[in-house]
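Descriptive structure summary
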Amino acid sequence: MPQQRPILQVGHPILRQTAEAIADLPDVSIDQLVADLIHTLTASHGVGIAAPQVAASVRLVIVASRPNSRYPNAPMMAPVAMINPQIMAYSDQQEWGWEGCLSVPGLRGFVPRYQQIEVQYLTPKGEQKQEILTGFVARIFQHEWDHLNGLLFLDRVKAAHHLITEEAFQAQMNQLVGAAAKVLA
Ligand code: ZN
């Protein structure tokens, strides 16, 4: 049975480590970790999670965009487990958006990310995949990929006034999303 694992909070040293590559797939302990991460993510209303957030310092992320209370406009997709992911190509264009993180509770930051990326990764069965991700899904990937390199969205924020509380974000969501569109234009 998948288990909900505790999520490390900012300040925990594991969140600042470079995660290790995973060798020899398939692996039952990795299958269990994937199931636990998806379960933990769903229970926490997240759209992505990286293994280091549950104290497993390995290169595995889950991208699972879906509309929920924290991200009402997120596109719907089935959760995808990406092992040893790499970014092969970036778009010239970046876009700004408000991000949160299950390891940084109660805060949102205004963060630029590449609008489109080409990624390569292994599935839990060890199959190699290559995909082009755009928009919000590309943003989730870049956020989770940062976790594998010991980075948090806080490191990507350009100015202190680009950090606000979750409560302030929820109260002003429509204006803030409109402002993000203006920065783009
Ligand atoms: Zn995060």
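An account of the accompanying structure is given in this report. Model, not experiment: these values are computed from the prediction.

Time to look at the coordination of the zinc ion. Protein-derived ligands of the zinc ion are C101 (SG), H143 (NE2) and H147 (NE2), with the metal-ligand distances lying across 2.1 to 2.2 Å. Written as a sequence motif, the donor residues of the zinc ion are C-x41-H-x3-H. On the criterion of sequence distance, the pair formed by C101 in strand β4 (residues 94-101) and H143 in helix α2 (residues 135-148) is long-range, its members being 42 residues apart. This pair shows no difference in class: C101 is buried, exactly as H143 is.

Before going further, it helps to spend a moment on the sheet that holds strand β3 (residues 80-90). What the 5 strands build is an open sheet, ordered β1-β2-β3-β6-β7; its pairing is antiparallel. Taken across any chain shown, the strands that pair with only one partner, and hence form the sheet edges, are β1 (48-50) and β7 (128-134). In this sheet, adjacent strand axes meet at a mean angle of 40° when their direction is disregarded. Here 3 bridges tie β1 to strand β2 (residues 60-63), and the two strands are oriented antiparallel to one another. Considered in β2, the bridge of I49 is made with I62. Along the sheet, helix α1 (residues 28-43) contacts β1, β2 and β3; its crossing angle with β2, the most-contacted strand, is approximately 40°. The strands that α2 touches are β1, β2, β3, β6 (116-122) and β7; relative to β3, the one it contacts most, it runs at about 105°.

With respect to the helices and strands, L176 occurs in helix α4 (residues 173-184). With a relative accessible area of 12%, L176 lands in the buried category. As for L176 and N68, which are separated by 108 residues in sequence, their C-alpha atoms are 18 Å apart.

For the rest of this paragraph, the subject is the pairing of β3. The sheet contact formed by β2 and β3 spans 4 bridges and is antiparallel. Residue V61 lies in a different strand from β3, and its bridge partner there is M82. The pairing of β3 with β6 spans 5 bridges and is classified as antiparallel. Considered in β6, the bridge of I83 is made with L122.

Conventions we followed
- Residues numbered from 1 in each chain as written.
- Predicted model: local features only at pLDDT ≥ 70, side-chain atom pairs only at ≥ 80, totals over all residues.
- Heavy atoms only, no water.
- Donors = N, O, S within 2.8 Å, 3.2 Å for Na, K, Ca; no water.
- Helix = DSSP H or I, 4+ residues; strand = E, 2+ residues; numbered from the N terminus.
- Buried < 20%, exposed > 50% of the residue type's maximum accessible area, 1.4 Å probe, protein only.
- Pairing = 2+ DSSP bridges.
- Axes fitted to C-alpha atoms, helices over the stretch in contact; angles between N-to-C directions.
- Contact = heavy atoms within 4.5 Å.

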